[in-house]
Amino acid sequence: KNVQINIQPSLKNNASGMRVSGLLDDVIKRLPDEEQFKTKGNVWVYKRKDAIDFWNVPRGPGELYGYRAPFENPAVDGHCVFLPVESHTQFDIFIIVDGYFDLDTRTDNYILGVIAWEFGRLTHYWKKTKKISNSEQDSDNAAKEEAIRLGFENEIQEMMIASGWN
């Protein structure tokens, strides 16, 4: 209800875009009814070059969050940012369909793992902001643990193996 799904127009009728969109819907349906998922936010499904261009526009996400587009690294196929503001909070999750880990060549479980990982990262950021967790744990490890807690253990394991992580 609070999440706006933004699929790059050229991907709406494209096999990759439709596949990722359907898997994104599956993840959202499986998420538990927890407060952080009631936060206002956006999920962006974009091609890498267009996501970088969008990130770097004046007054765009790069300026808002204060750093360069992380997907300039071709190994990054997802990214979550969380912005706590006194009056509200918001998040942006980016899923990149092409690049080093071209999603056309990946299994559904791998893609589900990427999406769940980013929602795990959102949960980690939200808990730190709300002081529910004061963990100093590495954010990648925290994202993994949260995604597993949310019910995506098999998908996370497949994503990590396919990506060469342990």
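Read on for an overview of the structure. Since we're looking at a predicted model, the values are computed, not measured.

### Focus on helix α5 (residues 139-149)
Residues of α5 that are buried include every one of Ala142, Ala143, Glu146 and Ala147, and no others. Seen along its axis, α5 keeps its buried residues to an arc of 130°; they face one direction. Looking at the packing, one finds that the buried side of α5 touches α4 (108-129) and α6 (153-163). At the exit of α5 stands Gly151, carrying a positive phi of roughly 105°.

### A short note on the packing of α5 against α6
With their axes 7 Å apart at the nearest point, α5 and α6 run at an angle of 145° to one another. Of the residues in α6, those in contact with Lys144, Ala147 and Ile148 of α5 are Glu153, Ile156 and Met160.

### Observations regarding the pattern of salt bridges
Inspection of the entire model under this criterion finds ten salt bridges. Asp108 is the partner of Arg19 in a salt bridge, and the nearest nitrogen-oxygen pair spans 2.8 Å. Of this pair, Arg19 sits in helix α1 (residues 15-30) while Asp108 sits in helix α4, and the two are 89 residues apart along the sequence. Note on Arg19: relative accessible area 26%, which makes it partly exposed.

### Focus: the pairing of strand β4 (residues 89-96)
Judged by how many residues are buried, β4 sits mostly within the fold: seven of eight residues are covered. Pairing between strand β2 (residues 40-46) and β4: seven bridges, direction parallel. Each residue of the ladder has a partner; that of Tyr46, found in β4, is Ile96.

### Description of the pairing of strand β1 (residues 3-7)
One ladder, built from five bridges, connects β1 with β2; its direction is parallel. In the sheet register, Asn6 faces β2, and the bridge partner there is Trp44. Tracing the backbone out of β1, into α1 and back to the parallel element β2 gives a crossover that is left-handed.

### Some remarks on the environment of Thr89
Among the structural elements, Thr89 can be located in strand β4. Placed 37 residues apart in sequence, Thr89 and Trp126 show a C-alpha to C-alpha distance of 9.1 Å.

### With respect to unusual backbone geometry
The phi dihedral of Arg59 falls on the positive side, at around 65°, and the residue is not glycine. By the secondary structure assignment, Arg59 is in the loop between α2 (48-55) and α3 (61-65). On the basis of relative accessibility, which here comes to 76%, the residue Arg59 falls in the exposed class.

### Here we look at the packing of α4 against α6
Relative to each other, α4 and α6 sit at 105°, their axes nearing to 7 Å. By the angle between their axes, α4 is roughly perpendicular relative to α6. Contact residues: α4 offers Asn109, Tyr110, Leu112, Gly113, Val114, Ala116 and Trp117, while α6 offers Glu155, Ile156, Glu158, Met159, Met160, Ala162 and Ser163. Here the residues of the contact of α4 with α6 sort into nine nonpolar, three polar and two charged.

### With respect to the nonpolar core
Ranked by internal contacts, the top residues of the largest apolar core, which has 34 residues, are Val45, Ile95, Ile115 and Phe119. Considering every element that reaches this core, the biggest residue donor is α4, with ten residues. Setting aside residues up to four positions removed in sequence, Phe119 forms contacts with Leu24, Val27, Ile28, Leu31, Phe37, Val43, Ile93 and Leu150. Formed by eleven residues, the second largest nonpolar core is a distinct cluster that contains Tyr46, Ala69, Phe71 and Phe94.

Here is what the cut-offs are and how they apply
- Residues numbered from 1 in each chain as written.
- Predicted model: local features only at pLDDT ≥ 70, side-chain atom pairs only at ≥ 80, totals over all residues.
- Heavy atoms only, no water.
- Buried < 20%, exposed > 50% of the residue type's maximum accessible area, 1.4 Å probe, protein only.
- Helix = DSSP H or I, 4+ residues; strand = E, 2+ residues; numbered from the N terminus.
- Arc of directions from axis to C-beta.
- Contact = heavy atoms within 4.5 Å.
- Axes fitted to C-alpha atoms, helices over the stretch in contact; angles between N-to-C directions.
- Salt bridge = Lys/Arg side-chain N within 4 Å of Asp/Glu carboxyl O.
- Pairing = 2+ DSSP bridges.
- Right-handed = clockwise from strand over helix to strand, strands pointing away.
- Parallel < 35°, antiparallel > 145°, perpendicular 65-115°, else oblique.
- Nonpolar A, V, L, I, M, F, W, Y, C, P; charged D, E, K, R; others polar.
- Core = buried A, V, L, I, M, F, W, Y, C linked by side-chain atoms within 4.5 Å.

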